[in-house]
Amino acid sequence: MELKNNRVTGDNFNTFVEAYAYDKKSVITPDAIIIHYTAGSSGAATVKMFSAKTATTSAHFVVSEDGSITQMVDLNRKAYHAGTSSYNGRSSYNGFSIGIEISNPGYLQKIDGKYYTWWEATKANKTATPASKVYTGKHRNAVTTMTYWYKYTDEQIASVKALCKFLCSKFKIIEILGHEEIAPGRKCDPGPAFPLDALRDEIFAQNSTVSISDMFKNAVSKSAASSLVIGKATVKLNFRQQPSTNAPLKSSPMAAGTYIYIIGQDSTKEWYNILHEITGWIDKQYIEQDNTDSEYDGELTTDNAMLYSDCKKSRRLVSDLKSGTKFNIIEQQENMFRIKAVVEGWACAKYIAKES
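Values in this document were obtained by computation on a predicted structure and should not be read as measured data.

**Some details on the pairing of strand β17 (residues 259–265)**
For strand β16 (residues 229–233) and β17, the ladder comprises four bridges, and the chain directions are antiparallel. Looking across to β17, one finds that Lys232 is bridged to Tyr259. As paired elements, β17 and strand β18 (residues 271–283) share four bridges and run antiparallel to each other. Looking across to β18, one finds that Gln265 is bridged to Tyr272.

Below you can see the structure in the form of structure tokens.
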């Protein structure tokens, strides 16, 4: 692939087709990539729709079923793909993200044991989706209850992966997110049929030693970090206070593919003592802020503070952050701070793969 004048060319690329609806005046510097599905019948149909004078939405790229890619908006221009959106304290993602639309019908309806796209489901003479193209899986957003999805082609997944890697080499991309993550409840694309977590893992962790060392640089000294072993969770992994399945959880389970530092092992060799990065909300009364420290934003002043999954204290996430724990403050909502810290705990060794 090559990048010239904010347009990408390469073997898999079709001729540039300009979208009708995008911001032709504002210049953006993208640092995020948003993955979508089109909910349409074909890539060609989506390209035709985006280029029509009646269009109100657009994306930078459309990936067709055969893996071919059509660029429709220059990468320094704002496409209208994200809509009302927010994630981790940032909002209005159109202003700093690249939109990739993958041609895919999306979720399927099951009727009398067969599966139908949204447009076929309403017809009297329906054409069912072949069983080989049906993916069954639970969505990452609890509010999205659909469980049947149209599979992406191998060619599409390979093209999206290659495109994301290329874009990350040309721009300072810090996030690759699904539309479902920046607009949960409103959007459900790209859905569980697309390997979004695996894509992020491969792109952002391909040099795992560097990324993990940077992540935990505040948790251990440089000399200590050089002797620690890096591991990766191979399944959704419980993170516990002690090396026992009966021990309380230290935080919510970590996702498969999460990288951690292994700092020890119990006598049975069935458990690893690990360092794990966590985030959560905490009452500001327990925080001593220190804006003079270049490494940290604050420090915990009590052993009794609770870390919550949201700023409304609806669910306790961590029960034993210790006084003196240092962290960075990500966001503030009234009297609550969302913080990021590295904490120590235990995880079952058989579910952690050591990285070389």
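**Examining the nonpolar core**
In terms of nonpolar packing, the biggest core is built from 28 residues, with Ile33, Ile35, Phe61, Ile100, Cys164, Leu167 and Ile176 touching the most fellow members. Listed by contribution, the elements that provide at least two residues to this core are β4 (32–37), β5 (61–63), β10 (97–102), α2 (154–170) and α4 (196–204). For this core, the element with the most residues is α2, which contributes five residues. Setting aside anything within four residues of it in sequence, one finds Phe61 in contact with Val8, Phe13, Ile69, Thr70, Gln71, Leu75, Ile98, Gly99, Ile100, Glu101, Leu163 and Leu167.

**Some remarks on helix α1 (residues 43–51)**
Among all positions of α1, only Gly43, Thr46, Val47 and Phe50 are buried. Buried residues of α1, viewed axially, fall in a sector of 100 degrees; they line one side. Those residues of α1 that are exposed and aimed more than 90 degrees away from the buried face are Ala44 and Lys48. Buried positions along α1 lie against β5, β6 (69–71) and β10.

Reading the values: rules and limits
Residues numbered from 1 in each chain as written. Predicted model: local features only at pLDDT ≥ 70, side-chain atom pairs only at ≥ 80, totals over all residues. Heavy atoms only, no water. Pairing = 2+ DSSP bridges. Helix = DSSP H or I, 4+ residues; strand = E, 2+ residues; numbered from the N terminus. Core = buried A, V, L, I, M, F, W, Y, C linked by side-chain atoms within 4.5 Å. Buried < 20%, exposed > 50% of the residue type's maximum accessible area, 1.4 Å probe, protein only. Contact = heavy atoms within 4.5 Å. Arc of directions from axis to C-beta.

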